[in-house]
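What the coordinates show
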Amino acid sequence: MATETDPTTTDPSTDVDPQTEDQGTPDVVSAAAPAAVTVTTGKLSARALIEEFEATQLKSDLPEIYVGDTVKVGVRIREGNKERVQPYEGVVIAKRHGGLNQTITVRRIFQGIGVERVFMLHSPQVASVKVERRGKVRRAKLFYLRDRVGKATRVKQRFDR
């Protein structure tokens, strides 16, 4: 006993009206679909775009630098149309920030006067950074070295790093 369907009656779910299809009126089902499904249109958020750009600007050849280390920083200097690299050697007395904005403060004594420079490690102005010797310190910032003169400014050497 098989039942046959009458060809004159049509199922409303399969019937498509050509007028509504041309007008592009959304169904109830398709209107709820964008809320449930996240569609990527190829655009990145501003934060993701900035993080992606910063990741490309990071230098990969920097050594591990710690406070108390004696470092030699090669600084690019432009004179006219010429460019040269000038070394700046001193003790790292502070490290700040992280990522692309990471900076170190390097202190040295020049002609009896203490000179400090702050270097952005990932800057194009910094050509190279080389650790000359490791320092053994127990503080994160060595600002107390500013008050010391002569041999009192020495930092013990560390051999385990």
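Going by the structure above, here's the rest.
Now for a description of the structure that goes with this document. (Residues numbered from 1 in each chain as written. Predicted model: local features only at pLDDT ≥ 70, side-chain atom pairs only at ≥ 80, totals over all residues. Heavy atoms only, no water.)

**Here's the deal with the overall build of the chain**
When helices and strands are counted, the chain shows three helices and five strands. When its helices and strands are written in sequence order, the chain yields α-α-α-β-β-β-β-β. (Helix = DSSP H or I, 4+ residues; strand = E, 2+ residues; numbered from the N terminus.)

**A closer look at the nonpolar core**
Soluble globular proteins tend to pack their nonpolar side chains together in the buried interior. Core analysis: the biggest nonpolar cluster contains 13 residues, and Ile65, Val71, Val73, Ile104, Val106 and Phe119 have the highest contact counts within it. At the level of elements, strand S1 (70–79), strand S2 (82–96), strand S3 (103–110) and strand S5 (126–133) are the ones that each hand at least two residues to this core. The residues touching Val73, leaving out its near neighbours within four places in the chain, are Gln86, Pro87, Tyr88, Phe119, Val126, Ser128 and Val129. Core analysis: the second largest hydrophobic core is formed by eight residues, Val67, Ile93, Ala94 and Val155 among them. (Core = buried A, V, L, I, M, F, W, Y, C linked by side-chain atoms within 4.5 Å. Buried < 20%, exposed > 50% of the residue type's maximum accessible area, 1.4 Å probe, protein only. Contact = heavy atoms within 4.5 Å.)

**Some details on a positive patch on the surface**
Taken together, the side chains of Lys136, Arg138, Arg139, Arg148 and Lys156 make up a positively charged region of the molecular surface. Here Lys136 is to be found in the segment after S5. Residue class for Lys136 comes out exposed when judged on its relative accessible area of 52%. (Patch = residues over 30% accessible without salt bridge, like charges linked within 9 Å, V, L, I, M, F, W, Y side chains within 5 Å. Areas by Shrake-Rupley, 256 points an atom, 1.4 Å probe, with all protein chains shown as cover. Salt bridge = Lys/Arg side-chain N within 4 Å of Asp/Glu carboxyl O. Lys, Arg positive; Asp, Glu negative; His and termini not counted. Charge placed at Lys NZ, Arg CZ, Asp CG, Glu CD.)

**Some remarks on the pairing of S1**
By the bridge criterion, 10 bridges tie S1 to S2 in an arrangement that is antiparallel. Looking at the pairing, Arg76 lines up with Val85 of S2. Between S1 and the antiparallel strand that follows it, S2, lie two residues; Gly80 among them carries a positive phi value of about 70 degrees. Pairing of S1 with S5, which is carried by six bridges, proceeds in the antiparallel orientation. Residue pairing for S5: Thr70 is matched across the bridge by Arg133. (Pairing = 2+ DSSP bridges.)

**Some words on the packing of aromatic side chains**
Within this structure, the stated rule accounts for one aromatic pair. Centre to centre, the rings of Tyr88 and Phe119 are 5.6 Å apart; their planes meet at 65 degrees, and the pair counts as edge-to-face. Within this pair, whereas Tyr88 is found in strand S2, its partner Phe119 is found in strand S4 (residues 113–120), the two being separated by 31 residues in sequence. Accessibility expressed as a relative area gives 4% for Phe119, which makes it buried. If you follow Arg108 out to its NZ or CZ, it ends over the ring of Tyr88, 5.1 Å from the centre. (Phe/Tyr/Trp six-rings, centres within 6.5 Å; stacked < 30°, edge-to-face > 60°. Lys NZ or Arg CZ within 6 Å of the ring centre and 35° of its normal.)

**A look at the pattern of salt bridges**
On inspection of all chains with the given rule, the structure shows seven salt bridges. Between Glu51 and Arg47 there is a salt bridge, with the nearest N and O atoms lying 3.4 Å from each other. In this pair, Glu51 and Arg47 both sit in helix H3 (residues 46–57), four residues apart, roughly one turn of the helix. Salt bridges sharing common partners tie together Arg107, Glu116 and Arg146.

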